[in-house]
Amino acid sequence: MKAIRRFTVRPVLPEPLRPLSDLARNLRWSWHAETRDLFQSVDPERWAASGGDPVRLLGSVPPARLADLAADRRFLRRLAAVAGDLNDYLTGERWYQAQPDELPAAIAYFSPEFGITAALPQYSGGLGILAGDHLKAASDLGVPLIGVGLLYRHGYFRQTLSRDGWQQEHYPVLDPHELPVVLLEEPDGTPAQVALALPGGRQLHARIWLAQVGRVPLLMLDSDVEENDLGERGVTDRLYGGGSEHRLLQEMLLGIGGVRAVRTYCRLTGHPAPEVFHTNEGHAGFLGLERIAELCDGGLDFDSALEAVRAGTVFTTHTPVPAGIDRFDRELVARHFGPDAELPRIDLERVLRLGMETYPGGEPNLFNMAVMGLRLAQRANGVSLLHGNVSREMFSGLWPGFDADEVPITSVTNGVHAPTWVAPEVFRLGARQIGVQRAEDALTAGGSERWDAMAGIPDQEIWELRRALREQLVTEVRERLRASWRQRGAGTAELGWIDGVLDPDVLTIGFARRVPSYKRLTLMLRDRDRLMDLLLHPERPVQIVVAGKAHPADDGGKRLVQELVRFADDPRVRHRIVFLPDYGMGMAQKLYPGCDIWLNNPLRPLEACGTSGMKAALNGCLNLSVLDGWWDEWFQPDFGWAIPTADGAGTDPDHRDDIEAAALYDLLEQRVTPGFYERGGQSGLPDRWIEMVRQTLSLLGPKVLAGRMVREYVERLYTPAALAHRSMDPDAARELAEWKGRVRAAWPGVTVDHVETSASEALAELGTTLGLRVRVGLGDLGPDDVEVQVVSGRVDEEDRIADAAVVPLKPVGSPDQDGRWLYEGPLSLDRTGPFGYTVRILPAHRLLASSAELGLVAGPSEELVEAAGLLMR
């Protein structure tokens, strides 16, 4: 029989055990080993059955067991110690509190997904895990962050396989009352709510759930409330589900509703109001519109409000391809804004203009969320050095007239939260060298260039640790594989072979990620005979563990999964290669430490960062990867291998895959497997391999930390944004908006009319300084509105300047009778070889974050360039 109504019945804990409830509700347990050990000791069998979820555990423990624990003095001492440790963690000073006073009072961090723990399944892949690690690292550092997301009633899908290996999706219903979250309530005990206006006079209501991530509150909006009609109740049903309008409503709720939720939370708790708003990808971009509307309600005009909002906004892009960006039909967006819908006080055309692709090659009828994110943020970044370069190229149309390297998008390379991803055994190895407290500090705060303590760990200990972790993975894989085959319809009698799957003494390769085509899940299958030879080699075999989900709407990705699964089902190799369905955080935490090699073979440069290899590296797993994302930045032969790529626009995709797959097989046959299996002299250990593990831990370890990443955000983006926000009071915002309007109107009259140098010939000696005189027209502008620059450097065959040096020129005297200004300055010939220069004029104002901010630049005309024609050689 099926129940007609469902309740969640919470246990009543005996008074001495009340601190268990606080420990369960703060997600710090997900990365704090002592807290998890305490919960495990409550009831080891039920802890395992709960999937390591303290809330589910406490809901299942019999009252008799709770009574026993309440009388167990030893357990109560442990409970008091762990509860005291959490209190110290929440209230003590941390890294942020020791920094200068200019830091932001608070930062709001918006993301469509957050991967905190498997017990709160609100993530699909790298973007969500990154967002979760960002919150955890901010908590460890004491950064006053407020996370903002949505609470999806079905989360992301659970993956199983059919008998023939086709991906199948399942959407379990998540009851928030059974999750580690609590409702945000008004003083009278009613649930706090936000509401959005919808076309036709309807409203979209949402409750606010609070997940406490250490010191960081995470606010999650949930539209499944009685005040909504059935359609609106389903807005937060699934992560990345539904059609365009469904996604638009999700993103309006995240951005606009998220700001309203932050305001509600700060009102109810006294938390400082955020000075900085950080948009993690374009999904939350509408938050800028809501903040503009707030300022307009306070008396500012739209343009001034836009400047005030931009000053305190940071936008992070994670996609290296235009297809990865959410884009909506212009008419769909228009229907949801304006007098009959949301933000009625803002002119609809101003809203639409923020997201329109008004640049060469853009689609004029599409509203682009990343374009809006960039226009609403004074500071923007990619997530690795290479991705920063790709992003500057991809969005360069927004800054016409500027070289891609001058586009104001910087980069902060992602990191991973070490306490979440480092296996306890690896942590204990380090703690034996430097002590538990110093080891915890090294993993959370970071700051050191290298972990030299790794040098003192004996080879034998490292090798024994690696084998123990591999053995744990083998056990885990067999359990998961057996469960998967049962779901596929196999009987117990068919599954005896699983007891022989994988070998704890064989070189183990891991490959686990989402399955879009660019990540090339099946590149390893390109030459199946060579792969079989590697798997079945009599002296140097390899074994491979593969996992990953294709998006439910991506049949191409599902075909790749099926192709891999069918190969792994082959009785000849199924003991050496396995596909594990339902890749998630729980599986990942076993997979990274247990692998010897982490394989990554995307199409370069389509991997924005790729943090799974970082998590593997923190456990002493070596990376074997295409030079993309973070690996392009930090690869050294001391601790891994780079798969050569066949780059070039003219390369046929099939041919490229053949070349790169062959390079992968060559590396495995000639360098990777010999290194693992060759034994040194007296020790009988693979000395060179162990040294690479040691170098991975000591050199890569400090770099890949989320603590390092969050500190970079604080120092390079959040603090400058907070200072800009403070300086942008209403008067300053009006001043900047009026100045920008005046400059844009006058810019057609800005010209470079004449350029001359003191050089008479096109040959000069290194170290020479030439005098430069430039006559410019400024139209209705004055020297205070602009900067005239000389840009110089080495030039290529087409006279393009590389590694440019920029020097401002100074105005001399007053304008001449034609209204032209004379500028002078030095031109230093500081490089040998072909050398060139040009002159340009840029807008200049003390409140600009970048001279490229307006996308305006004036340079010499073609005629003037031809007349000057002076290159130093």
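Residues numbered from 1 in each chain as written. Predicted model: local features only at pLDDT ≥ 70, side-chain atom pairs only at ≥ 80, totals over all residues. Heavy atoms only, no water.

A. Representation of the overall build of the chain within the structure. Counting secondary structure elements, the chain contains 29 helices and 27 strands. Against the globule reference of 29 Å for 873 residues, the chain gives a C-alpha radius of gyration of 30 Å, in line with a compact fold. The dimensions of the chain, computed from C-alpha atoms along their principal axes, are 95 × 75 × 50 Å. Looking at the chain residue by residue over its 873 residues, the buried ones come to 56%. (Helix = DSSP H or I, 4+ residues; strand = E, 2+ residues; numbered from the N terminus. Rg over C-alpha atoms; globule rule 2.2 N^0.38 Å. Buried < 20%, exposed > 50% of the residue type's maximum accessible area, 1.4 Å probe, protein only.)

B. Expanded view of the pattern of salt bridges. Under the criterion given, the structure shown has 63 salt bridges. One salt bridge in this structure joins Asp 570 and Arg 572, with 2.7 Å as the shortest N-O distance. Take Arg 572: its relative accessible area is 53%, and that puts it in the exposed class. Among the salt bridges present, the one from Asp 632 reaches Arg 604, with a minimum N-O distance of 3.0 Å. One end of the pair, Asp 632, is in helix H24 (residues 629-634); the other, Arg 604, is in the loop between strand S18 (597-600) and helix H23 (612-617), and 28 residues separate them in sequence. We classify Arg 604 as partly exposed; its relative accessible area is 23%. (Salt bridge = Lys/Arg side-chain N within 4 Å of Asp/Glu carboxyl O.)

C. The arrangement of helix H13 (residues 348-355) in detail. The set of residues buried in H13 consists of Val 351, Leu 352, Leu 354 and Gly 355. One side of H13 carries all its buried residues, which in axial view fall inside an arc of 150°. The inward-facing, buried residues of H13 abut helix H10 (287-297), helix H11 (302-311), helix H12 (330-336), strand S12 (366-368) and helix H14 (369-375). (Arc of directions from axis to C-beta. Contact = heavy atoms within 4.5 Å.)

D. Representation of the sheet that holds strand S15 (residues 507-512) within the structure. Reading across the sheet, the six strands line up as S17-S16-S15-S18-S19-S20 and stay open at both edges, with parallel pairing between neighbours. Looking along the sheet, the strands with just one partner apiece sit at the ends: strand S17 (577-580) and strand S20 (640-643). Neighbour-to-neighbour, the strand axes of the sheet open up by a mean angle of 20°, direction not taken into account. Of the pairings in the sheet, the one linking strand S16 (residues 542-547) to S17 comprises four bridges and is parallel in character. Residue pairing in the sheet places Ile 544 in a bridge with Ile 577 of S17. (Pairing = 2+ DSSP bridges. Axes fitted to C-alpha atoms, helices over the stretch in contact; angles between N-to-C directions.)

E. Focus on a negative patch on the surface. On the surface, a cluster of negative charge is made up of Glu 393, Asp 403, Asp 405 and Asp 803. In this fold, Asp 405 is placed in the loop between helix H15 (385-394) and strand S14 (410-411). (Patch = residues over 30% accessible without salt bridge, like charges linked within 9 Å, V, L, I, M, F, W, Y side chains within 5 Å. Areas by Shrake-Rupley, 256 points an atom, 1.4 Å probe, with all protein chains shown as cover. Lys, Arg positive; Asp, Glu negative; His and termini not counted. Charge placed at Lys NZ, Arg CZ, Asp CG, Glu CD.)

F. Representation of the pairing of strand S3 (residues 158-161) within the structure. Sheet topology places S3 next to strand S4 (residues 167-170); four bridges connect them, and they run antiparallel. Among the inter-strand pairings, Thr 160 is bridged to a residue of S4, identified as Gln 168. Counted along the chain from S3 to the antiparallel partner S4, the turn is five residues long, and its residue Gly 165 has a positive phi close to 85°.

G. Structural view of the sheet that holds strand S24 (residues 801-808). Reading across the sheet, the three strands line up as S24-S23-S27 and stay open at both edges, with antiparallel pairing between neighbours. The open sheet is flanked by S24 and strand S27 (835-843), the only strands paired with a single partner. For this sheet the average axis-to-axis angle between neighbouring strands, irrespective of direction, equals 30°. Here strand S23 (residues 786-795) pairs with S24 via six bridges, running antiparallel. Looking at S24, one finds that Val 791 is bridged to Val 806.

H. Layout of helix H28 (residues 730-746). Helix length check: H28, at 17 residues, gives a terminal C-alpha distance of 24 Å against a target of 24 Å (1.5 Å per residue), a fit within 8%. Here H28 has its buried residues at Ala 732, Ala 733, Leu 736, Ala 737, Trp 739, Lys 740, Val 743 and Ala 746. In this fold, the buried residues of H28 make contact with H11, helix H27 (706-727) and S27. (Expected span 1.5 Å × (residues − 1).)

I. Spotlight on the nonpolar core. Counting residues in each nonpolar core, the largest one holds 106 residues, and the members touching the most others are Met 524, Ile 597, Leu 624, Trp 641 and Trp 689. Not counting residues within four places of it along the chain, the set of residues in contact with Trp 641 comprises Ile 597, Leu 622, Asn 623, Leu 624, Ser 625, Trp 631, Phe 635, Leu 667, Arg 671, Val 672, Trp 689 and Met 692. Counting 61 residues, the second-largest nonpolar core is a separate cluster that includes Leu 184, Leu 253, Phe 328 and Leu 343. (Core = buried A, V, L, I, M, F, W, Y, C linked by side-chain atoms within 4.5 Å.)

J. Focus on the pairing of strand S22 (residues 769-777). Here six bridges tie strand S21 (residues 751-757) to S22, and the two strands are oriented antiparallel to one another. Counterpart to Val 755 in the pairing with S22 is Val 774.

K. View of unusual backbone geometry. Cis peptide bonds are those with omega within 30 degrees of zero, and the linkage from Arg 604 to Pro 605 qualifies with 5°. With respect to the helices and strands, the residue Pro 605 is situated in the loop between S18 and H23. In this model, Tyr 240 sits at a positive phi of 55°, which is unusual for a non-glycine residue. Inspection of the secondary structure assignment puts Tyr 240 in the loop between helix H8 (230-233) and helix H9 (244-269). What makes Tyr 240 buried here is its relative accessible area of 14%. In the Ramachandran plot, Asp 582 falls in the positive-phi region, its phi being about 65° despite a non-glycine side chain. Counting through the fold element by element, Asp 582 comes out in the loop between S17 and helix H22 (585-594). Look at Asp 582 and you get buried, because its relative accessible area is 17%.

L. Main features of the packing of helix H17 (residues 424-434) against helix H18 (residues 436-444). Viewed as axis vectors pointing N to C, H17 and H18 meet at an angle of 120°, and their least axial separation amounts to 7 Å. Here H17 lies oblique to H18, going by the angle between them. As H17 packs across H18, the resulting crossing turns out to be right-handed. Here Phe 427, Ala 431 and Ile 434 of H17 lie close against H18, whose contacting residues are Val 436, Arg 438, Ala 439, Glu 440 and Leu 443. Considering only residue class, the contact of H17 with H18 consists of six nonpolar, no polar and two charged. (Parallel < 35°, antiparallel > 145°, perpendicular 65-115°, else oblique. Left-handed = near helix turned anticlockwise from the far one by under 90°. Nonpolar A, V, L, I, M, F, W, Y, C, P; charged D, E, K, R; others polar.)

M. The packing of aromatic side chains, seen in detail. Scanning the model with the defined rule gives 20 aromatic pairs in all. Three or more aromatic residues joined by ring pairs form one cluster here, namely Trp 463, Trp 641, Phe 676, Tyr 677 and Trp 689. Between the NZ or CZ atom of Arg 28 and the centre of the ring of Tyr 89, over which it lies, the distance is 4.2 Å. The cationic tip of Arg 238 hangs over the ring face of Tyr 171; the distance from NZ or CZ to the ring centre is 3.6 Å. (Phe/Tyr/Trp six-rings, centres within 6.5 Å; stacked < 30°, edge-to-face > 60°. Lys NZ or Arg CZ within 6 Å of the ring centre and 35° of its normal.)

N. Region of the structure containing a positive patch on the surface. Among the surface-exposed residues, Arg 73, Arg 74, Arg 77 and Arg 78 lie close enough to one another that they form a single positively charged patch. With respect to the helices and strands, the residue Arg 74 is situated in helix H6 (residues 73-91).

O. Broad picture of the packing of helix H19 (residues 459-487) against helix H26 (residues 687-700). Relative to each other, H19 and H26 sit at 80°, their axes nearing to 10 Å. By the angle between their directions, the pair H19 and H26 is classed as roughly perpendicular. The residues of H26 that touch H19, namely those facing Asp 459, Ile 462, Trp 463 and Arg 466, are Asp 687, Trp 689, Ile 690, Val 693 and Arg 694. The class makeup of the residues in the contact of H19 with H26 is five nonpolar, no polar and four charged.

P. Molecular detail of the environment of Glu 853. With respect to the secondary-structure elements, Glu 853 resides in the loop between S27 and helix H29 (862-868). Distance from Glu 853 to Asn 365, taken between C-alpha atoms, is 24 Å for residues 488 residues apart in sequence. Other than its neighbours up to four places away in sequence, Glu 853 contacts Glu 307, Arg 310, Gln 378, Trp 399, Lys 740 and Leu 848. A polar atom in the side chain of Glu 853 sits 2.8 Å from the side chain of Arg 310. (Polar contact = N/O pair within 3.5 Å; in protein donor to acceptor, adjacent residues only side chain to side chain.)

Q. Layout of the side chain of Arg 708. Locating Arg 708 in the fold gives a position in helix H27. Within the structure, the side chain of Arg 708 is placed 2.8 Å from the backbone oxygen of Lys 703, a separation counted as a polar contact. Setting aside chain neighbours within four positions, we find Arg 708 in contact with Thr 413, Asn 414, Gly 415, Ala 445, Trp 634, Pro 702 and Lys 703.

R. Geometry of the environment of Leu 161. By the element assignment, Leu 161 lies in strand S3. Given a relative accessible area of 2%, Leu 161 falls into the buried group. Spatially, the C-alpha atoms of Leu 161 and Gly 243 are 25 Å apart, while their sequence positions differ by 82 residues. Once residues lying within four places of it in the same chain are set aside, the contact partners of Leu 161 are Trp 166, Gln 167, Gln 168, Ser 484, Gln 487, Arg 488, Val 561, Val 565, Phe 579 and Pro 581.

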